[in-house]
Amino acid sequence: MDIHKLSKPLITLYKPQDTRKFCSFTVPNNKAGCLHLDTKSDTYGSGYRFITELKNRFGKLLGFEQFTLFDNDKKSTGLLISVEQEYRNKKYYFGEILRLASIIDIIENKLNAFEIYSKSTAIYFHSKYKFKSAITSFDERDNALNAIIANQNSKYKDLAEQAKELLYLAQTSDDGKFQRMLCIQANKIINQYIQKVIQNGEYTKHPFNWGMTMKLTADNIKANREYFNALFQKHGIDYQI
């Protein structure tokens, strides 16, 4: 794409004397035409709850993401990301554009992390944009481990065995500190499993049947800056990490 056709995001304060900054930008050459993205205070939770909306040139809502961010906080929490049904899985990349907006907000607000609870059907989507499992709930952990154990494909046998061993250990103790330590180990196994499934192009064959807490950290964004910068370029957004 011609660099001269890139759209520069507008970064503005939520309100005077507030530390929070949000972006708006135009997506100049989408399959659906010229699009506009904007973030504003949400109807509910005024002052800490916000919504990013992606619309076409006629003002039709194509997708949105709701999230919370408190003044002077170092973490934002995603509540819901959604794309209108008629545009899903048709290479409009509306979800990807919304995710790029949240990445700009993370960078501009100097946040440490953006945390979500992913639906089971969206885990691989979020993983594509470098979110990682950040489970602290014992039930979430055990359900994710069971999903790995249930995968009988020989490609994942080693991870299934590790998951089985970890789940056995979880069932042998009621010590809280030990259980929390197992969550840390489980996240490592889960993230390895997700990446391996994605690399093999088999995410539709190995779904999770339970959602999980996931996190995108500022460090992981910076470590993958070339990947994200290429996505900004792809959508005609003049932004570099």
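Residues numbered from 1 in each chain as written. Predicted model: local features only at pLDDT ≥ 70, side-chain atom pairs only at ≥ 80, totals over all residues. Heavy atoms only, no water.

**So, the overall build of the protein**
Broken down by element type, the protein carries 7 helices and 9 strands. Radius of gyration (C-alpha) of the protein: 19 Å, near the 18 Å computed for a compact globule of 241 residues. Dimensions of the protein, computed from C-alpha atoms along their principal axes, come out at roughly 55 × 40 × 30 Å. Looking at the 241 residues of the protein, the share that counts as buried comes to 47%. (Helix = DSSP H or I, 4+ residues; strand = E, 2+ residues; numbered from the N terminus. Rg over C-alpha atoms; globule rule 2.2 N^0.38 Å. Buried < 20%, exposed > 50% of the residue type's maximum accessible area, 1.4 Å probe, protein only.)

**Things to note about the packing of aromatic side chains**
This structure, assessed with the given rule, holds 17 aromatic pairs. Ring centres 5.7 Å apart and planes at 45° place the aromatic pair Y124 and F208 in the tilted group. With Y124 in helix 2 (residues 123-128) and F208 in the loop between helix 5 (176-199) and strand 9 (212-217), this pair connects stretches of sequence that are 84 residues apart. The pair Y124 / F208 is uniform in exposure class, with both members buried. Centroid distance Y227 to F228: 5.3 Å. Interplanar angle 70°. Geometry classified as edge-to-face. Judged by its relative accessible area of 27%, Y227 falls in the partly exposed class. Under the relative-accessibility criterion, F228 is labelled buried at 0%. Ring pairing ties together the aromatic residues Y124, Y156, Y193, Y203 and F208, which thus form one cluster. Its end group placed over the ring of Y92, K31 keeps NZ or CZ at 4.7 Å from the ring centre. The ring of Y227 has K130 sitting right over it, with the charged end atom 4.5 Å from the ring centre. (Phe/Tyr/Trp six-rings, centres within 6.5 Å; stacked < 30°, edge-to-face > 60°. Lys NZ or Arg CZ within 6 Å of the ring centre and 35° of its normal.)

**Describing the nonpolar core**
Counting 61 residues, the largest nonpolar core has F25, F94, F208, F228 and F232 as its most contacted members. At 8 residues, helix 1 (residues 94-108) tops the list of elements feeding residues into this core. (Core = buried A, V, L, I, M, F, W, Y, C linked by side-chain atoms within 4.5 Å.)

**Details of the side chain of S127**
As for its placement among the helices and strands, S127 is situated in helix 2. Residue contacts for S127: discarding those within four places in its chain leaves I194, Q195, I198 and M214. (Contact = heavy atoms within 4.5 Å.)

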